[in-house]
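# Structure assessment
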Amino acid sequence: MTTSIRVTAVAAVLSLAVLTVAPAAHAAPGGDRERPTPVPTESYHSGKSGKPSKPGRVKTKKWDVSGLRAKALTTAPEPTARAGASRAAATPAPAANDVTGDGRADLVAQLSGADAGALRVYTGNGATASNPWETTYTATPPRWEFADTLIIADVTGDNRVDVVVRDPSANNGTLYVYPNDGSGSANPWPSRFAAGTGWNIVDRILVGDVTGDGKPDLLARNPVESSGTLYVYPNNGSVTSNPWTRSPIWSGNGWNLAQMMMLDDVTGDGKPEIVARDTTGALLVYPHNGSTTSNFWTSIVYGSTGGWSSADRLSMDDVTGDGRPDVISRDPSGALWIHPWQSATAGSMWSPTTRFAAGTGFEYALDVVTGDVTGDGRPDLVAHVARSGDLWLLPNTKAATGNPWPDRVTAGTGWGFASQILLADVNGDHLQDVLAVDKRLSNGTLWIYLNNGSTTGLRWTTRHFGGTGWNIFNHLMAGDVTGDGRADLVGRDSAGDMYAYPGNGSTTAFPWTPRAWVGSNWQTATRLALGDVDRDGIADLVDLENDGSLWVFPTGASTDPIAIPGNWTGTQSLGLGHVTGSSGPDLVVGDASGGLSIYADNGATSGNPWSSTPRSGGTGFQGAISLVL
Amino acid sequence: MLQMTGGAVVAGGALAATTPLTGPPAAHADTFVPTPLAATDPEPNVERSKHWWPAQRNVWTPVGWKGHLFRFNVVYNGALICDPSWVLAAKPNTQPWHGKNFQTTVVMPMRGGGFRPFPTFQYEVWDDDLGQGKQGWEEDSDAPVLWTEHRRQEGLVIKQSVFAHVPGEQTVQTATEPIYSWTRFEVTHVDPVSAVKDFVFQLWLSGSYMKPAGPYQDEDGVPLTVFPGTAPILAGLTMGRVWNPTGKPITVPITDNEGNVKVMVTTADKGSIAMTENKVKGVYDLRLGLPATVGAYVDVLIPMIPAPLADAKAEAALGRDAALAKCQAFWKENAASIAVVDTPENYVNQVVRRGPQLAQVVAEKSPDTGLFTFLSGSYAYDVLWSTPTSMVSHMFMDRLGYHDVVENHIEIYAATQGTRTPPGSVFAGGTYPGYLSTPKTLQAIDWISDHGAILEILSVHALLTNRPAFIAKWTDVIVKACDYIVQACGLTNHGGVQGLMPPGHSTDEGVETQGFISQCFTYKGLTSAVEFLQRIKHPRAAEFATFANTFRTTFVQAVRDLADRSAKWTDAKGRQWPVFRPQFAGEGVWDAFTMLDTGALMSVWAGLMPASDPMMKSFVEFFRVGPNTLVFDAVHHNALDRAVLDHEQSSAEPCYSWNMFHTWQLGERAPFIEGLYGLLTGGLSQDTYISSEHRNAIYGNLFSHPIITWSLLHAVIDDSLVPNQLQLLRLCPLEWLSGKKQTRFEKVPTKFGPVTLRFKLEGGRDRDDDRSGHDTLKVEFSGDWHHKPGRVIVETPPLPGLKWIVVNGNRYRAGRRIEL
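Residues numbered from 1 in each chain as written. Chains lettered and ligands numbered in written order. Predicted model: local features only at pLDDT ≥ 70, side-chain atom pairs only at ≥ 80, totals over all residues.

Let's shift gears to the overall build of chain B. Along the backbone of chain B there are 19 helices and 37 strands. Among the 820 residues that make up chain B, the fraction classed as buried is 58%. At a minimum sequence separation of 6, the contacts of chain B that also span at least 24 residues come to 66%. (Helix = DSSP H or I, 4+ residues; strand = E, 2+ residues; numbered from the N terminus. Buried ≥ 20, exposed ≤ 12 C-beta atoms within 10 Å, placed from the backbone. Contact = placed C-beta atoms within 7 Å.)

This part covers the interface of chain A and chain B. Interface extent is often summarised as the accessible area lost during association of the parts. Residue-level contacts link 23 residues of chain A with 24 residues of chain B. Those elements that provide at least two residues to the side of chain A that touches chain B are strand E31 (516-520) and strand E33 (540-545) of chain A. Per-element tally for the side of chain A that touches chain B: the top contributor is E31 of chain A, with five residues. For the side of chain A that touches chain B, the class distribution of residues is ten nonpolar, eight polar and five charged. (Nonpolar A, V, L, I, M, F, W, Y, C, P; charged D, E, K, R; others polar.)

The subject of this paragraph is the environment of Val 351 of chain B. Residues and elements named next belong to chain B. With respect to the helices and strands, the residue Val 351 is situated in helix H5 (residues 346-361). As a C-alpha pair, Val 351 and Thr 105 span 246 residues in sequence and 27 Å in three-dimensional space. Among all residues touching Val 351, those that are not within four sequence positions of it are Leu 680, Leu 684, Tyr 689 and Ile 708.

This brings us to the nonpolar core. One finds Val 108 of chain A together with Leu 288 and Ala 529 of chain B to be the most contacted residues of the largest nonpolar core, which totals 407 residues. Among the elements that make up this core, the one with the highest residue count is helix H11 (residues 516-535) of chain B (ten residues). Contact partners of Leu 288 of chain B, with chain neighbours within four places excluded, come to Phe 185, Val 200, Phe 201, Leu 203, Val 265, Gly 271, Ile 273 and Val 298 of chain B. (Core = buried A, V, L, I, M, F, W, Y, C linked by C-beta atoms within 7 Å.)

Residue and element names in this part refer to chain B. Along its twelve residues, helix H4 (residues 320-331) runs 16 Å from first to last C-alpha, staying within 8% of the 16 Å computed at 1.5 Å per residue. For H4, the complete set of buried residues consists of Arg 320, Ala 323 and Cys 327. For H4, the angular spread of buried residues about the axis comes to 65°, placing them on one side. Seen from the open side of H4, the exposed residues pointing more than 90 degrees away from its buried face are Asp 321, Ala 322, Gln 328 and Ala 329. Elements that come into contact with the buried residues of H4 comprise strand E8 (156-165), strand E9 (180-190), strand E19 (297-303) and helix H3 (309-318). (Expected span 1.5 Å × (residues − 1). Arc of directions from axis to C-beta.)

For the rest of this paragraph, the subject is unusual backbone geometry. For Ser 227 of chain A, which is not glycine, the phi torsion reads 55° and is therefore positive. Phi at Asn 58 of chain B takes a positive value of approximately 65°, unusual for a residue other than glycine. Tracing the backbone through its elements, the reader meets Asn 58 of chain B in the loop between helix H1 (46-49) and strand E1 (60-63).

Confidence in the prediction for chain A averages 84 pLDDT; 85% of positions are at 70 or higher. Overall, residues 1-94 of chain A carries pLDDT values under 50, and its contacts beyond four positions in sequence, including any with other chains, amount to 226 contacts. (pLDDT = per-residue confidence, 0-100.)

Turning to the pairing of strand E8 (residues 204-208) of chain A, a few remarks are in order. Residue and element names in this part refer to chain A. For E8, the buried fraction is high: five of the five residues fall into the buried class. On E8, burial covers both faces: Arg 204, Leu 206 and Gly 208 on one face and Ile 205 and Val 207 on the other are all buried. Across five bridges, the pairing between E8 and strand E9 (residues 217-222) is antiparallel. Bridge pairing in E9 links Val 207 to Leu 218. (Pairing = 2+ DSSP bridges.)

Here the focus is the environment of Gly 466 of chain A. Residue and element names in this part refer to chain A. Among the secondary structure elements, Gly 466 is positioned in the loop between strand E27 (460-465) and strand E28 (473-479). Judged by the 25 C-beta atoms lying within 10 Å of it, Gly 466 falls in the buried class. Expressed as a C-alpha distance, the spacing of Gly 466 and Leu 435, which sit 31 residues apart in the sequence, is 8.5 Å.

Residues and elements named next belong to chain B. By secondary structure assignment, the location of Ser 378 is in the loop between strand E22 (371-374) and helix H6 (386-397). On a C-alpha basis, the gap between Ser 378 and Thr 61 in space is 8.0 Å, while along the polypeptide they are 317 residues apart. Excluding anything up to four places from it in sequence, Ser 378 contacts Pro 62, Arg 71, Asn 73, Val 362, Gly 700 and Asn 701.

Residues and elements named next belong to chain B. Put simply, H6 and helix H9 (residues 450-465) touch, their axes get as near as 8 Å, and they point 10° apart. Our classification of the angle between H6 and H9 gives roughly parallel. Taken together, the residues of H9 that come into contact with H6 (itself represented by Ser 386, Thr 387, Ser 390, Ser 393 and His 394) are Asp 450, Ala 453, Ile 454, Glu 456, Ile 457, Val 460 and His 461. Tallied by class, residues from the contact of H6 with H9 come to four nonpolar, six polar and two charged. (Axes fitted to C-alpha atoms, helices over the stretch in contact; angles between N-to-C directions. Parallel < 35°, antiparallel > 145°, perpendicular 65-115°, else oblique.)

Quick look at the confidence of the model for chain B now. All names here are of chain B. Confidence in the prediction for chain B averages 92 pLDDT; 94% of positions are at 70 or higher. Note on residues 1-30: pLDDT is under 50 here. Beyond four places in sequence and across chains, it has 74 contacts. As scored by the predictor, the complex reaches a pTM of 0.84 and an ipTM of 0.78.

This is the structure we're talking about:
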């Protein structure tokens, strides 16, 4: 058993300035094939078609960091000029990946801290008007580092909550059920059985008795199909093997409008409703229609008309003991709040402002869910400690030989939500900002952490909303691919198409212009990186293929791609940066053992620029989710 | 149906009811039910006649290079079919490429996004889109550039244009030189109110899967049918990774499993490209994006045979515009003998302009023989039926002065003469040194009529050109061909009419008959040969002339005998007339339509029967108003149904509208003009001028061009009506009389030599419109005689208010026959 005081220090002080629905992914040229809709824009007016409805919107706000930018422009050091650069824009770009401003690329690594992958259980204390959970927790062993989805529910029917997780790396998404053994120990979920594979095709999983047979069914949303098709997999009664093997029941399309989905009995009829937060920040309640065999949710009422956009996690449970579910929210600072049930009146079931605190410091958690783990009838809180929650900066020492990044300094904790971290100068202040993707929030939310210029403390403490829907990309890169001196975002989607969001330099609005197609057929690339290899002022693309070959695709050149000799199979990370001080970017690759190798640029612009014998860039990075130059 | 009431000259009296049928004016009539022309209707023209039928379905049009073994075919919907060896009959010289086909299909986005799935079951292509598109030729280009328009509700219009290019731009030598199609998709219009910013469409890349297939049920003859099973490219296609943040046009190859280029795309400026495999394995979705800006375009280069990367890159590097520019000289006709036809109707002019180009594309220099030949079609009938295809020479290309082309394409017949046996059991075991036939390597189905048809080619060419070299080379061939006719007609070991061409395969029916078509082509060729031999005072001319007279006498008697034993139909006056079967002996399979297309009406064209013969007149009327018309369903019929004349056009195969020679001979102006325009707009695609074999099916051929060309030329310059006499303006459509534009027929070949005729309305009141108010027709006429006609007659077009005709400065009162 591991017990500790909950971390209350907020590593990243969050100042959410933007609640706008930013155009994270504008319509593809032609708006062609079916794909997740990044930002739902269609209004559905009736449940008759089986589609969830979205009654209205909230007014959007703007992102304004002009003050920051103006300040930064007067204080930031001059960037290192790029050799041979011919720029369209007047403002030169900073040296890529140079966090410390010394002209050399630093390393930013996202690594796991203590308890990564563990479940922390905060037992319920019975309070109904104040924090209902104890401030200390009991941590399980770190067994669930692999899991990207955590649900607790009584799957086995023994009135004890079990753990349901998905392992995205096993057979395209294997679902596991960990039955609660009733031991009351620190790890009441010691064993497991599989509950099917291939679950990566869905992006939302809920568990509850929908068909009314007393057994929990599984709800799954396929975001690619018809703007989000919801299927209910009826429970087959098994408590020792996959209980969801029966044919799924189609339960409506268009569910992608739900940024968050919950399942609970809102109407008090014993049948669960779906509660969804839409893109306007409203809570929509889809009453269960009583069906036991077909689409269960065919109408809609407002649970609350808005104000919920700031929550980055939502769940439901009857904390107040009034027989109706309350809403449990986590705000961007990591604080939990209980929003008690208000009334059955449409639009007034819960209030975003009528709430009481339920603890702070939960930003470390990938998931915060509730259930009666201890069997005392009170809801307990289960927090899934994210892996790679710690961010580290490894400054470049400019050492001529050996590892240039021997030391590290903290860049904050609580980064476990981030499925990917990028470095880029978003606001044009010549300082490297952090872009962090939370793929579990609103189909992929991008957060922009502006660099505050600190040289001694944390640099990335304030974040801004960078839009939702970024999950349409399975790989994101930052770099100047337009040659205008501004950092662009480049994403690859599942079809292998790449789109660039050119940086527009705006400090008052979404900092990227609508996307433009920049490439295709990249589905065979296992790693991609941007850097100005040919030193023409525009970032080129470095591509590691699934056959182990490595290529440079010079941007704007009419020549064929440059093949980099060697077998690069096994490469786990790929980065480009001015590590050694050479004229072009050096290549930094990470292997499966966690070691980094630096291939110094040899000056070639049309042939292999990384022909030299590599030098070490350090070790121990095997667990890093993001390793950024 | 015109009841012989509207013509200025109604010779012989009308057999049918003369009360004009009332109906809406032709210009307003239309669509699915044939609407007879009323007596009060204005004379037809192109625009009016376009409304006589729904637009044809299933059109495909070849795009290629003169004489090349391979042709691209563009379907009405923009699909491009590259099939080097798809034929409805085996042709050995393309067998090495059999199955190596390719197709691109234009797939536009669906409302709401996404693209329709690739078909997985067999159905007819027109089920998707009613079978009609909007196409045309780029008129400012001598090289044939075929465009297809895609009007999109996204707020823009995409114009797809296709042309073929053979690097070097020379006449083919091997005929298998690399040939590329260049296709451009260009934004030509953007809605000013609402339009997308960017537009993405798709090309399906597949094997050819749209193929002609004929159920012959209801309205379907041989439509294009989707055969999904032929679509997959089993060996796969590959497109490399594309990285193009600059958005500048880049060239992207798509290669086959051997690394050869199937497709080379030059992307649009700020465009996009991606390729993924369709859910149907072996079919690929090539996604092409371009800004919705007028002038934005993407180019798609496709070699007929997958090209080595270096070759394809070189062609792509040339660029579409440069390639097209290089093509212009190749396609610009410079031969001095080629006629000029320039009427106030641009449609007519374009038919005359593009038709010969198409004829030279639907042709090949056979690699196995090194000889050129016309073919019967493209993507159907890519072989040679000499009988129908002969008309491309003697009624079409030679009549427009393409004499070199004709000479070049008929060499095969000299090489083949006497090498084969005629297609009839009566000929078995014999030797026929004079027999003219299709070379075995090009053969589809030989017909007995082939010999006469080929002889007609040779004789007419000699008569029209009077070229000494040709005459010197071919006279013996012609004489031997006449000998063959005498020999064949002398065979007695058959049950047909003795003294005529014996029974054999008259058509594709697979049975032996003694068909009208065999006799008519035989006699036509023979009499043209006699005319030629008489002209050169050949010692055997009289002998063959005598034989021809005997033949005709025998034929006429056979017709009368056949009439006696034929079923009868009753006209409006209660008189009974024979319904001629299309053969004198044997049993046909398709009599229901061949009685029109290959039957007794041919006798007038051949010169075997006068059009004024009551049996001929009655038989034309039979097809106009007879009992077939009561079971004719204009919407649901096909080429095998009982034939009728629909706007003077055969409802079976328009090219066999032999009634045109009746109305021409009789001077029945109204039905002749109706037929002329009917064929122009009903026998051809109104968009690309390619001919169909029968309406809505089997395109890619020139079948209807000969009768159209012959008729439109003879309407103004007629060297055929009366021996040794030239008739001018006899059946000239009123639409060609203009006060604004001089109508020009220049260097039109005749048996007397090239004739130039220009005319324009002048004088009278000053009116804005073309015709009314003018009282004078100014005519310029000249002839470059090699055999001066005995008489030259100028007829007066029946234009109201026309008082004077001024010919070469001499004023004549209109309405009188003018002899120059």
